[in-house]
Amino acid sequence: MQMLDLTKMTTETRNERTTDLDMMSPLEIVTVMNEEDAKIPLAIKEVLPQIAQAVQWVTNSLRAGGRLIYMGAGTSGRLGVLDAVECPPTFGVSPDLIVGLIAGGESAFVKAVEGAEDSRTMGVDDLKNLNLCPKDVVIGIAASGRTPYVIAGLEYAKSLGCHTVAIACNCGSAIGKAAELAIEPVVGPEVLTGSTRLKAGTAQKMVLNMISTASMVGIGKAYQNLMVDVMQTNEKLQVRAQNILMEATDVNRETAKNLLKQAGGSVKLAVVMALLGCDAEQAQDKLNGTQGHVRGALQ
């Protein structure tokens, strides 16, 4: 069996600036980390057109009744799961709409599952268990870009006719070749050699933030820059919902509370009611006519 060659991967090479890392003071360590982290947005800037293409595919998919499915192993898998689970409270979507798969299953989020990332079978089975269909978009995440679990999943998704996207931090990655679209911000060697939870992990998180946020805006989950589909699952979010309504419509807090009650807790509905001076049923009809976009409903 041929030994895996990691030497050509930027994510695995040594950073010349930190060869004396073990001799640095705490301030020196955090300073060099900060300086290296500053390179991340510049690397992402180089791949913005590819990120925008992914956003367009995801937006179209969600509008057509499809799903966004992230899959990865280790840190990459955790980042996908993290982005997925934060979408329902932020944007009021079903937990089934944005799905995060991690090699080894949910337990792997808190404890590494030995060998899971090397299982091609598991990558395909996890997608089959979701009843993957051509309307879905599958995004594979792997800092190295060579994770078998992700490669197999992307190949399977592609065979069904899904749009497939790879996010890696090495150019010409294996997952990039397996996917229809490669997003490969090259952030350079890590401060701690091979520790891709650092710059590579941060880059992946930033790209995922862009994809999910821009896609949610695309399907009408924002009015101006306000989260009008926020879920009121705790006291803080109840107050946030009132604040959003007050910002969008200039009503006072008591009026905001009353409008939200009439709207069944829907900030979006309450905004349209306030700005058009209509009842909840009329506001819902307006929103239905614009696929949930507040700005369109107001026109």
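Structural data are supplied above this passage.
The rules behind the values
Residues numbered from 1 in each chain as written. Predicted model: local features only at pLDDT ≥ 70, side-chain atom pairs only at ≥ 80, totals over all residues. Heavy atoms only, no water. Buried < 20%, exposed > 50% of the residue type's maximum accessible area, 1.4 Å probe, protein only. Helix = DSSP H or I, 4+ residues; strand = E, 2+ residues; numbered from the N terminus. Pairing = 2+ DSSP bridges. Right-handed = clockwise from strand over helix to strand, strands pointing away. Axes fitted to C-alpha atoms, helices over the stretch in contact; angles between N-to-C directions. Parallel < 35°, antiparallel > 145°, perpendicular 65-115°, else oblique. Left-handed = near helix turned anticlockwise from the far one by under 90°. Contact = heavy atoms within 4.5 Å. Nonpolar A, V, L, I, M, F, W, Y, C, P; charged D, E, K, R; others polar. Polar contact = N/O pair within 3.5 Å; in protein donor to acceptor, adjacent residues only side chain to side chain. Salt bridge = Lys/Arg side-chain N within 4 Å of Asp/Glu carboxyl O.

Re the pairing of strand E3 (residues 137–141)
Okay, step 1: By the criterion of burial, E3 is predominantly enclosed, with five of the five residues buried.
Okay, step 2: Neither face of E3 is open: one carries Val-137, Ile-139 and Ile-141, the other Val-138 and Gly-140, and all of them are buried.
Okay, step 3: Taken together, the five bridges between strand E1 (residues 68–72) and E3 define a ladder with parallel strand orientation. When the sheet's bridge partners are listed, Tyr-70 is paired in E3 with Ile-139.
Okay, step 4: Looking at chain direction, E3 and strand E4 (residues 163–167) are connected through five bridges and run parallel. Looking at the pairing, Val-138 lines up with Thr-164 of E4.
Okay, step 5: Read from E3 through helix H6 (residues 148–160) to E4, the crossover connection turns out right-handed.

Some words on the packing of helix H5 (residues 120–129) against H6
Okay, step 1: Close contact between H5 and H6 brings their axes to 7 Å; oriented N to C, the two are set at 45 degrees. For the element pair H5 / H6, the angle class is oblique. Where H5 crosses over H6, the two elements pack in a sense that is right-handed. From H5, Arg-120, Met-122, Gly-123, Val-124, Asp-126, Leu-127 and Lys-128 reach across to H6, where they touch Pro-148, Tyr-149, Ile-151, Ala-152, Gly-153, Glu-155, Tyr-156 and Ala-157.
Okay, step 2: Its residues placed into classes, the contact of H5 with H6 shows nine nonpolar, two polar and four charged.

Overview of the side chain of Lys-221
Okay, step 1: Among the structural elements, Lys-221 can be located in the loop between helix H8 (199–218) and helix H9 (235–249).
Okay, step 2: Within the structure, the side chain of Lys-221 is placed 3.3 Å from the side chain of Asp-229, a separation counted as a polar contact.
Okay, step 3: For Lys-221, the contacting residues outside a window of four places in its chain are Phe-91, Gly-92, Val-93, Met-216, Leu-226, Met-227, Val-228 and Asp-229.

Regarding the sheet that holds E4
Okay, step 1: Spatial strand order, E2-E1-E3-E4-E5: five strands in an open sheet with parallel pairing. Among the strands making up the open sheet, the edge pair consists of strand E2 (98–102) and strand E5 (181–183). For this sheet, the mean angle separating the axes of adjacent strands, direction not counted, is 20 degrees.
Okay, step 2: Pairing of E1 with E2, which is carried by five bridges, proceeds in the parallel orientation. Along E2, the bridge assignment pairs Gly-72 with Ile-102.

Considerations on the pattern of salt bridges
A side chain with one charge may pair with a side chain of the opposite charge, provided their charged atoms come close.
Okay, step 1: Applying the stated criterion to the full structure yields eleven salt bridges.
Okay, step 2: Between Arg-17 and Glu-36 there is a salt bridge, with its nearest N and O atoms 3.0 Å apart. Linking Arg-17 in the segment before helix H1 (26–37) with Glu-36 in helix H1, this pair joins segments that are 19 residues apart in sequence.
Okay, step 3: Since its relative accessible area comes to 1%, Glu-36 is described here as buried.
Okay, step 4: Ionic pairing is found between Glu-36 and Lys-39, a salt bridge with its closest N-O pair at 2.9 Å.
Okay, step 5: The network of salt bridges with common partners includes Arg-17, Glu-35, Glu-36, Lys-39 and Lys-199.

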